[in-house]
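Given next are the chains, with one letter for each unit.
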Number of protein chains: 2
Amino acid sequence: MTGDILIRNALVWPSADRDALEGGSVLIRDGRIVEAGRFSARAHTVIDADGCLVMPGLIQGHIHMCQTLLRGIAEDLALLPWLRGYIWPSEAAHQPESIRASALLTCAELIRGGTTAFLSIETTRHTDDTFQAVHEAGLAGAIGHCLMDETGGYPPIAVDNRDALAYCDVLLDRWGDHPRLKLAVAPRFVLSCSESNMRDACAYARSRGLLLHTHSSEQQEEITLVKERTGRCNICYLNDVGLTGADVGLAHCVHVRPEERRFLVETGTHVLHCPSANFKLASGIAPIPEYLAQDINVAIGGDGAPCNNRLDQFLEMRLAGMMQKIRLGPEALSARAIVKMATEGGAKLLGWENEMGTLDPGKRANLILVDQSGFHTLPSTDPATNVVYSCTANDVVMTMVDGKILYEDGHLTTIDEDKLKADVRRERKKLLERAGLA
Amino acid sequence: MTGDILIRNALVWPSADRDALEGGSVLIRDGRIVEAGRFSARAHTVIDADGCLVMPGLIQGHIHMCQTLLRGIAEDLALLPWLRGYIWPSEAAHQPESIRASALLTCAELIRGGTTAFLSIETTRHTDDTFQAVHEAGLAGAIGHCLMDETGGYPPIAVDNRDALAYCDVLLDRWGDHPRLKLAVAPRFVLSCSESNMRDACAYARSRGLLLHTHSSEQQEEITLVKERTGRCNICYLNDVGLTGADVGLAHCVHVRPEERRFLVETGTHVLHCPSANFKLASGIAPIPEYLAQDINVAIGGDGAPCNNRLDQFLEMRLAGMMQKIRLGPEALSARAIVKMATEGGAKLLGWENEMGTLDPGKRANLILVDQSGFHTLPSTDPATNVVYSCTANDVVMTMVDGKILYEDGHLTTIDEDKLKADVRRERKKLLERAGLA
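This text gives an overview of the structure that appears in the document. Residue numbering note: each chain is counted from 1, following its sequence as written. The naming scheme follows written order: chains are lettered A onward, ligands numbered 1 onward. Totals for whole chains, interfaces and linings use all residues, but because this is a predicted model, local features are given only for residues with pLDDT of at least 70 and pairs of side-chain atoms are given and counted only at 80 or more. Each side-chain value is derived from all of the structure's non-hydrogen atoms; neither hydrogens nor water enter the calculation.

### Points about the state of the cysteines
Residues and elements named next belong to chain A.
- Any pair of cysteine sulfurs within 2.5 Å is marked as a disulfide. In the structure shown here, the tally under the stated rule is two disulfides over all chains.
- Each sulfur of the disulfide joining Cys-233 and Cys-236 lies 2.2 Å from the other. Each member of the pair, Cys-233 as well as Cys-236, carries the same accessibility label: buried.
- Cys-66 takes part in no disulfide bond, and the closest cysteine sulfur to it belongs to Cys-146, at a distance of 7.7 Å. Burial classification: accessible surface area is computed with a 1.4 Å probe over protein chains only, and a residue below 20% of its type maximum counts as buried, one above 50% as exposed, and the rest as partly exposed.

### With respect to the relation of the copies chain B and chain A
- The transformation that overlays chain B on chain A combines an axial shift of 0.0 Å with a rotation of 180°, and the residual RMSD is 0.0 Å. One copy is carried onto the other by what is essentially a two-fold rotation axis. Residue Asn-394 of chain B of chain B places its C-alpha closer to the rotation axis than any other residue of that unit, at 3.5 Å. Superposing the copies works by least squares over the C-alpha atoms of residues that have pLDDT at least 70 in both of them.

### Quick word on the packing of helix α11 (residues 313-328) of chain B against helix α13 (residues 383-390) of chain B
All names here are of chain B.
- Lines fitted to C-alpha atoms define the axes, with helix axes restricted to the stretch in contact, and inter-axis angles between N-to-C directions lie between 0 and 180 degrees. Helix and strand assignments come from DSSP, with helices taken as H or I runs of at least 4 residues and strands as E runs of at least 2, each series counted from the N terminus. Running from N to C, α11 and α13 cross one another at 95°; their axes reach a closest spacing of 7 Å. Taken together, the axes of α11 and α13 are roughly perpendicular relative to one another. Where α11 abuts α13, its residues Phe-314, Met-317, Arg-318, Gly-321, Met-322 and Lys-325 lie against Val-387, Val-388 and Tyr-389.
- Just so you know the grouping, Ala, Val, Leu, Ile, Met, Phe, Trp, Tyr, Cys and Pro go in nonpolar, Asp, Glu, Lys and Arg go in charged, and all remaining residues, Gly too, go in polar. Across the contact of α11 with α13, the residue classes tally to six nonpolar, one polar and two charged. Any angle from 65 to 115 degrees is called roughly perpendicular, while one under 35 is roughly parallel, one over 145 is roughly antiparallel, and all others are oblique. The contact criterion used throughout is that any non-hydrogen atoms of two residues lie within 4.5 Å.

### Describing the pairing of strand β6 (residues 58-63) of chain B
All names here are of chain B.
- Along β6, six of the six residues are buried, which leaves the element largely enclosed by surrounding structure.
- Where β6 meets strand β7 (residues 115-121), four bridges bridge the pair, whose relative direction is parallel. Directly across from Gln-60, in β7, lies its bridge partner Phe-118. Any two strands between which DSSP finds at least two bridges are classified as paired.

### Focus: the interface of chain B and chain A
- Each partner contributes residues to the interface: chain B has 54 residues there, and chain A has 54 residues.
- The rule for a salt bridge is simple: a side-chain nitrogen of Lys or Arg has to be within 4 Å of a carboxyl oxygen of Asp or Glu. At the junction of chain B and chain A, the tally comes to two salt bridges.
- The residue Asp-76 of chain A makes a salt bridge to Lys-325 of chain B at a minimum N-O spacing of 2.5 Å.
- A 3.5 Å cut-off defines polar contacts: any pair of N or O atoms within that distance qualifies, except that in protein one atom must be a possible hydrogen donor and the other a possible acceptor, and neighbouring residues in sequence count only when both atoms are side-chain atoms. Applying the counting criterion to the chain B and chain A interface returns 17 residue pairs in polar contact (both at pLDDT 80 or more).
- Put simply, the parts of the chain that give the side of chain B that touches chain A at least two residues each are α2 (96-112), α9 (275-280), α11, α13 and α14 (417-435) of chain B.
- When residues in the side of chain B that touches chain A are grouped by element, the largest group, eight residues, is from α11 of chain B.
- Looking at the side of chain B that touches chain A residue by residue, the class counts come to 22 nonpolar, 18 polar and 14 charged.

### A few points about helix α2 (residues 96-112) of chain A
Residues and elements named next belong to chain A.
- Compared with the 24 Å implied by 1.5 Å per residue over 17 residues, the 24 Å span of α2 between its first and last C-alpha is a close match.
- Counting buried positions along α2 yields 14 of 17 residues, so the element is predominantly enclosed.
- Looking at the residues trailing α2, positive phi occurs at Gly-114, about 85°. By this rule, a helix spans an expected 1.5 Å times one less than how many residues it contains.

### Describing the packing of aromatic side chains
- Each Phe, Tyr or Trp ring, with Trp reduced to its six-membered ring, pairs with another whose centre is within 6.5 Å; inter-plane angles below 30 degrees give stacked pairs, above 60 give edge-to-face pairs, and intermediate values give tilted ones. Enumeration over the complete set of coordinates arrives at five aromatic pairs over all chains.
- On the basis of an interplanar angle of 20° and a centroid distance of 5.4 Å, the ring pair of Phe-131 of chain A and Trp-175 of chain A is categorised as stacked. Here the residue Phe-131 of chain A occupies a position in helix α3 (residues 127-137), and Trp-175 of chain A occupies one in helix α4 (residues 161-175), the gap between them amounting to 44 residues.
- A relative accessible area of 1% places Phe-131 of chain A in the buried class.
- Classification of Trp-175 of chain A by relative accessible area gives buried; the value is 7%.
- Relative to Phe-189 of chain B, the ring of Trp-88 of chain B has its centre 6.1 Å away and its plane inclined at 65°; by these criteria the two rings are edge-to-face. In this pair, Trp-88 of chain B is assigned in helix α1 (residues 79-92) and Phe-189 of chain B in the loop between β9 (181-187) and α5 (195-208), connecting sequence segments 101 residues apart. As far as the burial class goes, Trp-88 of chain B and Phe-189 of chain B line up, both buried.
- Only Lys NZ and Arg CZ are tested; either one counts as a charge over a ring when it is within 6 Å of the ring centre and within 35 degrees of the ring normal. Here the guanidinium or amino end of Lys-421 of chain A rests over the ring plane of Phe-375 of chain B, the centre of that ring lying 5.1 Å away.

### Details of the environment of Leu-171 of chain B
- Within the fold, Leu-171 of chain B resides in helix α4 (residues 161-175).
- Residues Leu-171 of chain B and Arg-100 of chain B, 71 residues apart in the sequence, show an inter-C-alpha distance of 16 Å.

All quantities given are derived from atomic positions and should not be read as evidence of function.
If you want it as structure tokens, here you go:
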């Protein structure tokens, strides 16, 4: 039919749990998958995928688009001095133009590297400009508007919570019916939110069916300060104020006590695992195999460019595997389990498990072609091993969201690459000047 | 002059310790660097390097070319079962054709990813075919012929030491005068070498000025077995039999006691750090900042494809930094110190510190151009941070060894890529059949 797309001659890997089929095809109609497997069909557009794996698009469960413009500004620091000295002053200095450049740069890196959907935390202002940029870029995801009503060590970034939620109303008015994007409500973390901020955020989000997104238990110093402030362990406190549940994603969860873990299990709260960020900020190794054994859903994400310094789900998958081996031994976490977190785990987090994460018929055509013929991937082996340990973001040769090709033949289709690069350089310079960090 | 090459308009980073110069040039004559910095010159060939960093070629201090054909065959295993069940049976089944395919595939991956020189351990047979392949590919390095006179749990791979050293004579006859390649003598590790094997290897190498290369203290189980067998801690025993010194590279050194570390310091023995392999085989985190603080020279390497699964010095640099942060805190190891290990550390190991590792005049023109304009490297920051945490092997756009371009414009100049890929697929299949692992 007109508009149908057929990807053929591919190694089709419909989901992390299933086997890959050589010489397979995927048929796409009206932005959705009609069939994936071994079959013949005709289509308006035929993509020959010889030498490539076709698999579900990667889904990053925790990123900060507004921070991508800050890549490399704050190296070799722990979480709190990194936040207070560099990240918050820079976020507070954002203007619509710098937010836009940062969001588009993020989209470019994500699309180029095979990420098709995400959950983010942005900053306390200008989130409308993030929506606009991601809308243009064509990615799917939930964009988290950040709530911070306490200074957290850097006053100018804070916003009164009534104003913040009024701004969320504006965002919902403008973007509430978007087919690929939705708003998430993101009280930043306990140390920058009053109790009423967190309770109001939960009430606001739940009355509107929105996701909640926050950080928890990333570093010991943070946990100590939370204890001093609330008298409670971190996730116990979050549970008290309502920030646990199947509509909540908790980034990091590196240092979590058994009683806290119970809350995660009982409420269906999602863990958002950020391997590189946890290494780069010296946080530690999250007990992911234990979470999976307790049926806690885990998604994987790159976190922020200034603590990574990439937003590359392939790197995160590789490190997610490596880091558990030195903790628990070589069999700690299978490559298939890692790919599952990086695809289906993210889909479940987003509440879109029936929409993406696998290549099942009826789901949105969010998928990627991954070249399997690079020297570093030869000889190829099973797709999970290849994807987790050999492939790189650069092996992605095509990225599709809702049936639309966002990257192909080395070029982004929705972003003017040269203009973006010029905008990034200009806006970075101006942003650091405004932040007093130039 | 005829044959001169001028790289211009580049960000010239002459060595890890120095600052990078924008708008710089490198002039190359007769395979060596004439000048690197800001100057004007004319040349027969001019390379415009706009948007690229030019830096010393990366040097991998520990690889196994003969294992690259085994990528992905033995996942999620610890060292000894991995060796005995998969690696040794496969190495023992190698024939000249499979050794050649494996070596050329290694060279392709190394060149593509900016590695210009290396130290390797091959297997107990067919090392002449490795020399031939690397000679054709154009890389520089020391190729280690592997000595194993005890079974180490898999009898067919062992070779009587007199025969092994006689084979080294043949290799020296053929390759002893090569301008870029040299032989190293590589008794594999204590558990597969008799004491006389190790002592004879040292005597043989030292009488001929050859490097010695072995593994040590990678895993606790290995150390326990060494203790049972020799009554000594690993490096104490190696020191007893002669395997310490400024001509010795010890791969791994993950678990090293203070009295062993003293031998490393006193003898000038080089530590060969393999971050990914140490994670993938669940070995642990080597105390690299402590080694550097004691002035122990450290080189970095990818080890073998089946325990990595890449041979990518960029990935190794990134993980080298990340892993120390969770061990010692965010300031544990600077990006500059990591780049220094990955370049000058390798040069010193090879005894070629006056020949490579920096862009100083008179040194061999072993250098790489690294694109700094990818979305994942924007906005760019200082070159060390960019190279260690943002760049990937794929950002390498040109690789030069001794003034000869081995990779440019997306293609290898010395290797027939299509033929290599076909050879790799065929030889892998035949090798695994011979090894009984198909």
